[in-house]
Amino acid sequence: MSAVPSTTQPGPAVPAAGSSQETFLDRLGIPHPLRWGFLGVLVFMTGNGVETNFVSPHMAEVFGGGDNMINLAATIITFYSLASLVGSYLAGALSDLWGPRRVMLLGLVVWLVFQAAFLGALSTESIPLVAATYFFRGFGFPLFAFSFLVWVNAVVPKERNGAAVGWFYVMFTGGMPTIGSLVAIGLIPAFGGGFFGERWAMAASSLIVIAGFLIAWFGVREKHGSMRLAPEGESSRQVIFSGVKLSLTNKRVMMGFLTRLINTAPQFGMFIILPTVIAETLG
């Protein structure tokens, strides 16, 4: 059944590709009614990416430093990435059930709650607490970002779909790690530099994440965001596991999944290793 919050009014529909109703943004591949959502993803992912280039050596220092602690930090980040993988899948399944807006809100709440818990755990220097809180925070950003991607795919004409998805990833990777890393360069010295500057930069990133969410939440009123997108009659279980079933039964989908997995692994693995190499090996 469809659930539409009373506070959300249906916004303008996305015009057909090539029609006279298309705006300049529509022709570029950014649906005009969703334009603020793209900006929201950029800002949210900027906040999420502030820590990208220093979180692994920061955790290692909390645990006492040394190669073994770097390896431990890498292991914790690996489990964080596993949570992100599962969260990415759930973003699509839950958006089909509840509508993307609600899942985006869930992503924000998860991110903020476990970011605060993670920072508190770092203060205790407890390895189990740091690992657990960082793991659960990993569900936050994909629930927000990829729910918006579902929203984009639900409303964009197929002739503009490739461009729209491309613009989504421009915003996604533009925030994490690109602009997020630049913001960290400014925030860390602003908070005194060094270890404590990094800690406060992570705390300040929460404000950037909130800003990104608010831009998307209040800027986008397109009706599909608050609707169930799955076909009527499908149970929650069928919707949640439909993607798994599709991957196992469609060789092309499985090959796409494996290719993306293999290509992404070294990209994000570099975020763990390079900061330590640059700081410690290269000085």
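Just above sits the structure.
Residues numbered from 1 in each chain as written. Predicted model: local features only at pLDDT ≥ 70, side-chain atom pairs only at ≥ 80, totals over all residues. Heavy atoms only, no water.

Q: Would you take a moment to explain the nonpolar core for this structure?
A: It is characteristic of soluble globular proteins that their nonpolar side chains tend to be buried jointly. By size, the foremost hydrophobic cluster in this structure holds 67 residues, and its most contacted members are Phe44, Met59, Phe118, Phe148 and Phe168. Breaking this core down by element, the ones donating at least two residues are α2 (35-49), α3 (55-62), α4 (67-98), α5 (100-124), α6 (127-137), α7 (140-155), α8 (158-190) and α9 (194-219). Counting residues per element, this core draws most heavily on α4, at eleven residues. Excluding anything up to four places from it in sequence, Phe44 contacts Leu108, Trp111, Phe141, Phe144, Val209, Gly212 and Phe213. (Core = buried A, V, L, I, M, F, W, Y, C linked by side-chain atoms within 4.5 Å. Buried < 20%, exposed > 50% of the residue type's maximum accessible area, 1.4 Å probe, protein only. Helix = DSSP H or I, 4+ residues; strand = E, 2+ residues; numbered from the N terminus. Contact = heavy atoms within 4.5 Å.)

Q: Where do I start with the side chain of Arg137 in this structure?
A: Within the fold, Arg137 resides in helix α6. A distance of 3.2 Å separates the side chain of Arg137 from the side chain of Tyr80, its partner in a polar contact. Aside from chain neighbours lying at most four places away, what touches Arg137 is Asn48, Glu51, Tyr80, Trp111, Phe114 and Gln115. (Polar contact = N/O pair within 3.5 Å; in protein donor to acceptor, adjacent residues only side chain to side chain.)

Q: What am I meant to see in unusual backbone geometry here?
A: Keep in mind that most residues, glycine aside, have a negative phi and that most peptide bonds are trans. Here the bond from Met176 into Pro177 is cis, since omega is 10°, no more than 30 degrees from zero. Relative to the assigned elements, Pro177 resides in helix α8. The phi dihedral of Glu125 falls on the positive side, at around 60°, and the residue is not glycine. Note on placement: Glu125 falls in the loop between α5 and α6.

Q: Before we go on, may I ask you to explain the packing of α5 against α6 in this structure?
A: To describe two helices that pack against each other, one gives the angle between their axes and the distance between the axes. At a closest axis distance of 8 Å, the pairing of α5 and α6 adopts a crossing angle of 165°. When the axis of α5 is compared with that of α6, the two are roughly antiparallel. The element α5 and its partner α6 pack so that their crossing is left-handed. Residues Val110, Trp111, Phe114, Gln115, Ala117, Phe118, Ala121, Leu122 and Thr124 of α5 pack against Leu129, Val130, Thr133, Tyr134, Phe136 and Arg137 of α6. The residue inventory of the contact of α5 with α6, partitioned by class, reads eleven nonpolar, three polar and one charged. (Axes fitted to C-alpha atoms, helices over the stretch in contact; angles between N-to-C directions. Parallel < 35°, antiparallel > 145°, perpendicular 65-115°, else oblique. Left-handed = near helix turned anticlockwise from the far one by under 90°. Nonpolar A, V, L, I, M, F, W, Y, C, P; charged D, E, K, R; others polar.)

Q: Explain the packing of aromatic side chains here, please?
A: One pair of aromatic rings is described through two measures. These are the centre distance and the angle between the planes. Counting across every chain of the model gives 19 aromatic pairs. Here Phe136 and Phe139 contribute two aromatic rings whose centre-to-centre distance is 6.4 Å and whose plane-to-plane angle is 25°, an arrangement assigned as stacked. Feature note: the residues Phe141, Phe146, Phe168, Tyr169 and Phe172 constitute an aromatic cluster, connected by ring pairs. Its end group placed over the ring of Trp217, Arg101 keeps NZ or CZ at 3.9 Å from the ring centre. (Phe/Tyr/Trp six-rings, centres within 6.5 Å; stacked < 30°, edge-to-face > 60°. Lys NZ or Arg CZ within 6 Å of the ring centre and 35° of its normal.)

Q: What is the right way to read the side chain of Glu222 from this model?
A: If you trace the backbone, Glu222 turns up in the loop between α9 and α10 (236-249). Lys223 provides the closest opposite charge to the buried, salt-bridge-free Glu222, at an N-O distance of 6.1 Å. For Glu222, the side chain forms a polar contact with the side chain of His224, separated by 2.7 Å. (Lys, Arg positive; Asp, Glu negative; His and termini not counted. Salt bridge = Lys/Arg side-chain N within 4 Å of Asp/Glu carboxyl O.)

Q: Sorry, what's going on with the packing of α4 against α6 here?
A: Axis separation between α4 and α6 bottoms out at 7 Å; the angle between their running directions is 30°. With respect to their mutual orientation, α4 and α6 come out roughly parallel. Handedness of the crossing formed by α4 with α6: right-handed. Contacts from Leu72, Ile76, Ile77, Phe79, Tyr80 and Ala83 in α4 reach Ile127, Val130, Ala131, Tyr134, Phe135 and Arg137 in α6. Taken together, the residues that form the contact of α4 with α6 break down as eleven nonpolar, no polar and one charged.

Q: What am I meant to see in the pattern of salt bridges here?
A: Two side chains bearing opposite charge may form a pair once their charged atoms approach each other closely. Within the structure shown, the criterion is met by two salt bridges. As a salt-bridge pair, Glu22 and Arg160 come within 2.7 Å of each other at their nearest N and O atoms. Of this pair, Glu22 sits in the segment before α1 (24-28) while Arg160 is found in helix α8, placing the two residues 138 residues apart along the sequence. The residue Glu51 makes a salt bridge to Arg137 at a minimum N-O spacing of 2.8 Å. Here Arg137 lies in helix α6 and Glu51 lies in the loop between α2 and α3, a separation of 86 residues in the sequence. Across the pair, Arg137 and Glu51 agree in class, each one buried.

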